[in-house]
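Working through the structure, step by step
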Amino acid sequence: QVSSTLGMQTNLQSSDTNCLVDTCTECVDTEGCGFCYTGEGDLMIGFCEQIGKNSDFSLGLCNQTRPGYTWLTGQCPSDYGGLIIFALCFYLLCFASGMGPTPWTVNAEIYPLWCRSTGISIATFMNWTANIIVSQTYLSIDSELHQWTFMLYAGISLVAIVIFYIVLPETKGKTLEEMETLFSRPVLKLGRSK
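Tracing the sequence through the fold places Ala 108 in helix 3 (residues 102-110). On the accessibility criterion, Ala 108 (40% relative accessible area) is partly exposed. It is 9.4 Å that separates the C-alpha atoms of Ala 108 and Gly 119, two residues lying 11 residues apart in sequence.

Following this line, the structure appears as structure tokens:
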């Protein structure tokens, strides 16, 4: 665990940029500010400073002439990098062996032969449209919600699970002809077979 001491460079602050914050994370999240620190073993001593004209340097300790200081404007150092990589790989392993192939399996079963190719094409288009929406909006959402971004995604997923549980009927053991009859009912009357 890296402990940090945050100092304040009050004499270096301009009137339009308030870099007087308590933590490294708050500092790099504040527009016009960056975190300047030097590490001594497990102790990190740092300052929140105003970004200079060249964002590679600050107007304070992390200017071009002072060696031994590290300048951060994007994110703070963390001891949890390995844990994050492990969690990501574990998520991918679980997703690939569980929920990853499920939509494609359901799509292969629910359409009658006369509309199977069209149905799968529309489902694939909607899947990739959703992927593009998430990819294009993630950074904007994350800059506003920070760690709550994935709670938003989890909430959306929970709503989808409930809707699919209510609407998607059981198809186990049904023939293609029975599927056509089953899915010819209105969406709100599909539900689980009794």
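One pass over the structure, following the stated rule, counts five aromatic pairs. Ring geometry for Phe 150 versus Tyr 153: centroids 5.8 Å apart, planes at 75 degrees, classification edge-to-face. Of this pair, Phe 150 and Tyr 153 both sit in helix 5 (residues 149-167), three residues apart, which is roughly one turn of that helix. Since its relative accessible area comes to 18%, Tyr 153 is described here as buried. An aromatic cluster is present here, built from Tyr 138, Phe 150 and Tyr 153 joined pairwise through their rings.

It is worth spelling out the nonpolar core at this point. In terms of nonpolar packing, the biggest core is built from 11 residues, these being Cys 19, Val 21, Cys 24, Cys 27, Val 28, Cys 33, Phe 35, Tyr 37, Met 44, Cys 48 and Leu 72. Elements with a minimum of two residues in this core: helix 1 (24-29), strand 2 (33-40) and strand 3 (43-50). Membership of the second largest hydrophobic core comes to five residues, among which are Phe 47, Leu 61, Cys 62 and Trp 71.

A cluster of nonpolar residues, Tyr 80, Leu 83, Ile 84, Phe 86, Phe 90 and Leu 93, forms a patch on the protein surface that exposes about 690 Å² of accessible area. Under the relative-accessibility criterion, Phe 86 is labelled exposed at 56%.

The rules behind the values
Residues numbered from 1 in each chain as written. Predicted model: local features only at pLDDT ≥ 70, side-chain atom pairs only at ≥ 80, totals over all residues. Heavy atoms only, no water. Helix = DSSP H or I, 4+ residues; strand = E, 2+ residues; numbered from the N terminus. Buried < 20%, exposed > 50% of the residue type's maximum accessible area, 1.4 Å probe, protein only. Phe/Tyr/Trp six-rings, centres within 6.5 Å; stacked < 30°, edge-to-face > 60°. Core = buried A, V, L, I, M, F, W, Y, C linked by side-chain atoms within 4.5 Å. Patch = residues over 30% accessible without salt bridge, like charges linked within 9 Å, V, L, I, M, F, W, Y side chains within 5 Å. Areas by Shrake-Rupley, 256 points an atom, 1.4 Å probe, with all protein chains shown as cover. Salt bridge = Lys/Arg side-chain N within 4 Å of Asp/Glu carboxyl O.

Keep in mind these numbers describe shape, not what the thing actually does.
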